[in-house]
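# Coordinate inspection notes
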Amino acid sequence: MTAGREVWVFIEQEEGRIAPVSLELLGKARELADRLGGQVCALLPGDGVAPLAQQVIHYGADRVLLADHPELALYRTLPYARVAIELVRQRKPAIFLLGATPVGRDLAPRIASAVSAGLTADCTDLRIGDYERQGRVYHDLLYQIRPAFGGNMIATIVTPDSQPQMATVREGVMRLGEPDRRRHGVVERIEPCFNSRDLDLQVLRREVRLPQVDLKNAQVIVAGGMGVGSKENFRLIHELAEVLGGQVAASRAAVDAGFISPEHQVGQTGVTVRPRLYIACGISGAVQHRAGMDQSAKIVAINTDPNAPIFQIAHYKIVGDLRTIIPQMIRAYRQQGR
Amino acid sequence: MPYNSVVLVKQVPDTAHITGQAMNDDGTVNRAALPAIFNPEDLNALEMALQVKEQYGGRVTVLTMGPPRAADVLREALYRGADRVILFTDRKTAGSDTQATSYVLKCAVEKVGDYDLVFCGRQAIDGDTAQVGPQVAEKLGLPQITCAEAIEELREGQIVVRRALPLSTETVRCSLPCLLTVVASANRPRPPSARRMMACKLAATPFDYPELLRRWPEFETETALDHYLTERGLKIEVWDGTDLGLEYGRVGLAGSPTRVLKVDLVVLHSRDSKTFAADESGVAALVQELVQEYVL
């Protein structure tokens, strides 16, 4: 085992389903570990989660640390932190990645604090690179890249002198790899030890709301901004999305104006998406919004303002009024025999 | 039964108004170049603590860490009903990341002592990390309840809290003392009370004494002024690293494991792009291309 070069990923699961961000991170961890000449190790806590270990290996893990225990059935900070902190202390991974989900952002700082590690929140990119300070060169550090100050800047953070290098990573920004069912890996069972204070907190009730919109997995997204003009006009966005078999999204301005509900919001404070096609209608393209969609494979921008920043990242541009163009698009699409 | 609270608050640059002069060369924030405000979710945390005090009794102590001008948020806390306010300020802690900051705050909370609840906002708008709360909890050895939206029950040393998460609501029970990070949907923070603003308008840190003595020469000496303010609960206490017995190796840039390697302004890159006419044939050509390229 190459201790000190291991890249760890926290596998978040609920009721036997692995959070998509954990699978995304396995792919990224694989890439980082290959670069470092190390292994990918997944920490999988839960109750009855042994069947998930193979899936974790298929997505890129060399080793799964399986902490299967009834007290880990539902996520609670202290039992989960206990398991992770003990393992990090014993095995000293080089890098430890968690999803920037409510669970990951509750757990990661607790672990970092206990082991005196640096931690960067909500990263949107991770790379390996060198760092020089006061004549000393550090090789192969983890570059932890995140937007700062409302998305106006991108900061690159390193943690040269402490291990592990920890980061939480935003959902949907790392590409989800294809599982390789022929991959082999080691599953190692961990026996957690808790003290009574770890188990003090009880979850009395839990109500899960199903997401009404699934922007993260959408292949085609039609998005509207302030330029749509009104809630009534937003019907056009819905119609185009329906015809194309896509989902409806919106800029923050459109949400703030009450054109559509907040779960449709894409951007810095909303969801990050990377569909095959993103059609931005009446969206100026503030940094805030672009941060959530500029990884889309193809971007179509429709705007009356030829100087709108959205045109600078669009692959296909139409300068014009969405109220006439959207119906034309629908007609043209139907004429293609679709 | 009364419950004593410590509320951790932060004065933050108003990140909605960032200009080019807002960053130092080392990538840290030049706070002086930005308007400074009370971190919004910290106001929700203070409100929750004040409601606990109103319902059960107890003291609300508000603590902040920052430069001397961070005393402004403590004045605002006094206007809203805080019993005691403390400013931790020490140049040696400048540049602290969340790890170093949480160490300082842990030491300060311990010095306040005798607390049942520690409150802070879920996250600060300048960093959006949401890390300091859990890191303080870990260092104090306390359980944490993040994203707290409501205290549903508080009795016999136990608290029941409703947590508001993006896709779920969770209700948990936990023994005191514990730390709560509070979300914006928890409450509507009360505005400063006019009566308390009048009563607390003299509130000052010792940094303000020279200026106050110029305005009220009748106090003659700083000692006399200090005595007057202390007696009336108007002194904003100021602590530094010596007061907390800090290990200076654990604070400031030296005590911060994270380093800012670089900060890039977001620049737009023009891509290879095609423009289509805004008419029936232009739109048709676009749709045809999307279909042919297997995008649609």
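Placed above this text is the structure.
Let me sum up the structure you'll find in this document. (Residues numbered from 1 in each chain as written. Chains lettered and ligands numbered in written order. Predicted model: local features only at pLDDT ≥ 70, side-chain atom pairs only at ≥ 80, totals over all residues. Heavy atoms only, no water.)

## So, the pattern of salt bridges
All names here are of chain A. Applying the stated criterion to the full structure yields 46 salt bridges over all chains. Linking Asp-161 and Arg-136 is a salt bridge whose minimum nitrogen-to-oxygen distance equals 3.9 Å. Of this pair, Asp-161 sits in the loop between strand E10 (153-158) and strand E11 (165-169) while Arg-136 is found in strand E9 (residues 136-148), placing the two residues 25 residues apart along the sequence. Judged by its relative accessible area of 48%, Arg-136 falls in the partly exposed class. (Salt bridge = Lys/Arg side-chain N within 4 Å of Asp/Glu carboxyl O. Helix = DSSP H or I, 4+ residues; strand = E, 2+ residues; numbered from the N terminus. Buried < 20%, exposed > 50% of the residue type's maximum accessible area, 1.4 Å probe, protein only.)

## Brief notes about the packing of helix H3 (residues 98-112) of chain B against helix H4 (residues 132-140) of chain B
All names here are of chain B. It is at 8 Å that the axes of H3 and H4 come closest, and there the two elements cross at 55°. Classified by the angle their axes make, H3 and H4 are oblique. You can see that H3 and H4 cross each other, and the crossing is right-handed. Between H3 and H4, the contacting residues are Thr-98, Gln-99, Thr-101, Ser-102, Tyr-103, Leu-105, Lys-106, Val-109 and Glu-110 on the first element and Val-132, Gln-135, Val-136, Lys-139 and Leu-140 on the second. The residue makeup of the contact of H3 with H4, split by class, is six nonpolar, five polar and three charged. (Axes fitted to C-alpha atoms, helices over the stretch in contact; angles between N-to-C directions. Parallel < 35°, antiparallel > 145°, perpendicular 65-115°, else oblique. Left-handed = near helix turned anticlockwise from the far one by under 90°. Contact = heavy atoms within 4.5 Å. Nonpolar A, V, L, I, M, F, W, Y, C, P; charged D, E, K, R; others polar.)

## Re the pairing of strand E7 (residues 119-123) of chain A
All names here are of chain A. In terms of burial, E7 is largely enclosed, as five of its five residues are buried. Sheet topology places E7 next to E11; three bridges connect them, and they run parallel. Residue pairing across strands places Leu-119 opposite Met-166, the latter belonging to E11. (Pairing = 2+ DSSP bridges.)

## Some words on empty space enclosed by the protein
If you walk through the whole model with that rule in mind, you get one cavity of 30 Å³ or more. Approximately 150 Å³ is the volume attributed to the largest cavity. Around the largest cavity, the lining comprises 18 residues; the ones closest to its centre are Arg-76, Thr-77, Leu-78 and Leu-201 of chain A together with Gln-144 of chain B. Contributions of two or more residues to the lining of the largest cavity are made by helix H3 (77-91) of chain A together with strand E7 (144-155) and strand E9 (168-175) of chain B. In terms of residue class, the lining of the largest cavity is made up of eight nonpolar, three polar and seven charged. (1 Å grid on protein atoms, 1.4 Å probe; cavity = no way out; pocket = protein on both sides within 12 Å on 5 of 7 lines; lining within 4 Å. Points joined across faces, edges and corners; volume = space filled by probe spheres on them.)

## A word on the sheet that holds strand E6 (residues 117-121) of chain B
Strand order in this open sheet of ten strands is E13(A)-E9(B)-E8(B)-E7(B)-E10(B)-E6(B)-E1(B)-E4(B)-E5(B)-E11(B), and the pairing throughout is mixed. Edge positions in the open sheet fall to strand E13 (202-208) of chain A together with strand E11 (237-239) of chain B, since each of these has one partner strand only. Averaged over all adjacent pairs, the angle separating strand axes in this sheet is 30°, with direction ignored. Pairing between E6 of chain B and strand E10 (residues 178-182) of chain B: five bridges, direction parallel. Opposite Leu-117 of chain B, over in E10 of chain B, you have Cys-178 of chain B as the bridge partner.

## What about the interface of chain B and chain A?
Tallying the contact residues gives 73 residues for chain B and 73 residues for chain A. When chain B packs against chain A, close to 6500 Å² is buried across both sides, 55% of that on carbon and sulfur atoms. Along the contact surface separating chain B from chain A lie five salt bridges. Measuring nitrogen to oxygen at the nearest pair gives 2.7 Å for the salt bridge that ties Arg-110 of chain A to Glu-138 of chain B. At the surface where chain B touches chain A, the tally comes to 31 residue pairs in polar contact (both at pLDDT 80 or more). Within the residue set of the side of chain B that touches chain A, elements represented by two or more residues are H4, E7, strand E8 (158-165), E9, strand E12 (259-265), strand E13 (274-276) and helix H9 (280-292) of chain B. For the side of chain B that touches chain A, the element with the most residues is H9 of chain B, which contributes nine residues. Sheet analysis places E10 of chain A next to E12 of chain B, joined by six bridges and oriented antiparallel. Paired with Ile-154 of chain A across the bridge in E12 of chain B is Asp-264 of chain B. (Buried area = accessible area lost by both parts, 1.4 Å probe. Polar contact = N/O pair within 3.5 Å; in protein donor to acceptor, adjacent residues only side chain to side chain.)

## Considerations on the packing of aromatic side chains
Tallying each qualifying case throughout the model produces eight aromatic pairs over all chains. Seen from their ring centres, Phe-234 of chain A and Phe-259 of chain A are 6.1 Å apart, and the 50° between their planes marks the pair as tilted. A residue pair is termed long-range when its members are at least 10 positions apart, and Phe-234 of chain A in helix H5 (residues 234-244) and Phe-259 of chain A in the loop between helix H6 (252-256) and strand E16 (277-281) qualify at 25 residues. By the burial criterion, Phe-234 of chain A is buried, and Phe-259 of chain A matches it. Geometrically, the ring pair formed by Tyr-3 of chain B and Tyr-56 of chain B is edge-to-face, given 5.5 Å between the ring centres and 85° between the ring planes. Of this pair, Tyr-3 of chain B sits in the segment before strand E1 (5-9) while Tyr-56 of chain B sits in helix H1 (residues 40-56), placing them 53 residues apart in sequence. When its relative accessible area of 2% is taken as the criterion, Tyr-3 of chain B is described as buried. The class of Tyr-56 of chain B is partly exposed, set by a relative accessible area of 24%. Ring-pair connections join several aromatic residues into one group, and the members of that group are Phe-10, Tyr-75 and Tyr-80 of chain A. Seen from the ring of Tyr-248 of chain B, Lys-92 of chain B lies directly overhead, with NZ or CZ sitting 4.6 Å from the centre. (Phe/Tyr/Trp six-rings, centres within 6.5 Å; stacked < 30°, edge-to-face > 60°. Lys NZ or Arg CZ within 6 Å of the ring centre and 35° of its normal.)

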